[in-house]
Structure formats: structure tokens, C-alpha cells
Amino acid sequence: MRMTLMLSNDDGVHAPGLRTLAQALTDAGRDVLVVAPDRDRSGASNSLTLDRPLHPLHLDNGFISINGTPTDCVHLGVNAFYTNRCERVIAGINAGANLGDDVLYSGTVAAAMEGRFLAKTPIAVSLTGKQHFATAARVLLELLPKLELLRLPKFAVSMRTDSKPAPKTYTAQSAQTLPTVKSSPINILDIPTAREKPVLAGSPEANNNTVDKKSAGLTKLTA
């Protein structure tokens, strides 16, 4: 079976960065699957939706929209919608740089982190601006074949791309010399491997949930 790339983001399923990235990868001959939030969920970090069932909506362009967080989207995409079909998660292209402490709150980085158990290191792509998404997509396409040759952290890579238009001619001798890239790998440590799972509406779990009120007085749905 041919392996594919799963795309997600935190700006929402209709965001221009996600559409641009999906189109660029498709035009380059890559198989892509898209599962993304139904609206802007910037700052959602690694949160899961545990207080209500999730409702996936299959859009006409083939994307799946979910009324949940970026982490919900990737978790369900990898484990429910496209089991054993994805080799890498790519999150973005985010409209915003995600610098410094922002990576702790970023839904874009969180979506990439949720793909850490797949065969290949996930990637989060962020743009320092809200235009020239094609430049960021082009840089990613240049980097993808080189990633296997680099020493990467185990869990996730975050890539920030300056907001500049794509040059008419573009060549790169190595990933380290790409002219428009300022990238920063992030080693994510102490990531828990066992967590409660989001519940899909209409699933057996949604119909047979038990209520747990022991955690800080909050109600959680657990399978």
C-alpha cells in the first residue's frame, strides 16, 4: 500500500495555508489526506476534546473537518479515518511565526507532535506573515527529500519560513543553505504515551460513555 502524508493545522480547514500546502504536495506527486478543525483553534496546544462527541464532516474537496482541536484531528486521522495509511504528519502552513514559548501553545506544533508515532518525523510549518504561502510550501518541498539525510530529533521538527515571495529561480545545494529558511528543530521530551481518547459521535464509545467527576470537579467522557 502506498503511504501518504497527513495534513492538519490550527487555523481551520478553510485556511489558505492549508489549501496551498495540500495543492503544492499534490502537484508534486504526493498523496495527501487532510483532517483539520472546522474553525480557527490557534493556541489550543495539545488539548483533546473529552466533554462531547466529535462530528467529522467530509467536504467536497476531500478534506475532513472536525469540531475539535488540532490534536483531535490528527489522533482520529491516524487511528480512525486512515489507519495504517500515513507515514508522516505535516501541520500548517500556519499564519504566524510560532517563535520561542509560542511552540508550547501552538496548535500547529501540537498537531505535528501527535504524529510522533508514525514512521517518519512530523513537521510543523509556520510563516512569519499572512501571505506568500507558496514560498513556504516550496521550501518544504525542497526539504522533504533531504530530511532523511539529516540528524533530526525523535519527535518533531518546527520550521519557520520568512514571509517573502518565491524567487523566479530557486536552487539549493543542501538543507542548511536554503536562502529563505530559518528552521529550528525542537526536541520534545517526556510526552505521555497513554491518554484518554476523543469520542466520535455515533460510535459505540459515544453511546456507552461513563462519567468521571474525580478530576478537579470536571466532567470527562472516557471510553
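That block above? That's the structure.
The sections below set out a description of the structure shown in this document. Remember, predicted model here, so these are calculated numbers, not experimental data.

**Here's the deal with the pattern of salt bridges**
Stage number 1. For the structure on display, the rule yields five salt bridges.
Stage number 2. For R52, the salt bridge identified is with D51, shortest N-O distance 4.0 Å.
Stage number 3. R52 gets classed as partly exposed once you look at its relative accessible area, which sits at 29%.
Stage number 4. When the shortest N-O distance is used, the salt bridge between E142 and K146 registers 3.8 Å. Separated by four residues within a single helix, E142 and K146 lie in helix α5 (residues 133–147), roughly one turn from each other.

**Quick word on the packing of aromatic side chains**
Stage number 1. Summed over the entire model, instances satisfying the criterion amount to one aromatic pair.
Stage number 2. Consider the rings of F81 and Y82, whose centres lie 6.5 Å apart with planes at 65°: the pair is edge-to-face.
Stage number 3. With relative accessibility at 23%, the residue F81 sits in the partly exposed group.
Stage number 4. According to the relative accessible area criterion, Y82 is buried, its value standing at 11%.

**A closer look at the pairing of strand β2 (residues 32–37)**
Stage number 1. Most of β2 is tucked away: five of the six residues are buried.
Stage number 2. Alignment of strand β1 (residues 4–8) against β2, held across three bridges, turns out to be parallel. Looking at β2, one finds that L5 is bridged to V32.
Stage number 3. Viewed along the sheet, the connection from β1 through helix α1 (residues 16–27) into β2 turns out right-handed.

**Structural notes on the packing of α1 against α5**
Stage number 1. Running from amino to carboxyl end, α1 crosses α5 at an angle of 40°, the nearest separation of the two axes being 9 Å. Viewed along their axes, α1 and α5 adopt a mutual orientation that is oblique. Note on packing geometry: the crossing formed by α1 with α5 is right-handed. Contacts from P16, G17, T20, L21, A24 and L25 in α1 reach F133, A134, A137, L140, L141 and L144 in α5.
Stage number 2. Taken together, the residues that form the contact of α1 with α5 break down as ten nonpolar, two polar and no charged.

Definitions and cut-offs
Position numbers for residues start from 1 in each chain and track the written sequence from start to end. Confidence filtering applies because this is a predicted model: local features only for residues at pLDDT of at least 70, side-chain atom pairs given and counted only at 80 or more, and all residues used for totals across whole chains, interfaces and linings. Excluded from the side-chain calculations are hydrogens and water; all other atoms, namely the structure's heavy atoms, are used. Throughout this description, the term salt bridge denotes a Lys or Arg side-chain nitrogen within 4 Å of a carboxyl oxygen of Asp or Glu. Remark: exposure states derive from per-residue accessible area (1.4 Å probe, protein chains only) relative to the maximum for the residue type, with buried under 20%, exposed over 50%, and partly exposed in between. Here a strand is any run of E in DSSP of at least two residues, a helix any run of H or I of at least four, and the numbering for each starts at the N terminus. Working definition: rings of Phe, Tyr and Trp (its six-membered ring) pair if their centres are within 6.5 Å, and the pair is stacked with planes under 30 degrees apart, edge-to-face with planes over 60 apart, and tilted otherwise. Any two strands between which DSSP finds at least two bridges are classified as paired. The handedness of a crossover follows from its direction of travel: if, with the strands pointing away from the viewer, the path from the first strand over the helix to the second runs clockwise, the crossover is right-handed. Lines fitted to C-alpha atoms define the axes, with helix axes restricted to the stretch in contact, and inter-axis angles between N-to-C directions lie between 0 and 180 degrees. These descriptions rest on fixed angle ranges, namely under 35 degrees for roughly parallel, over 145 for roughly antiparallel, 65 to 115 for roughly perpendicular, and the rest for oblique. For any pair of crossing helices, the crossing counts as left-handed if the nearer helix is rotated counterclockwise from the farther one by less than a right angle, and right-handed if it is rotated clockwise. The contact definition used throughout considers only heavy atoms, calling two residues in contact when any of these lie within 4.5 Å. When residue character is reported, Ala, Val, Leu, Ile, Met, Phe, Trp, Tyr, Cys and Pro are called nonpolar, Asp, Glu, Lys and Arg charged, and the others, Gly included, polar.

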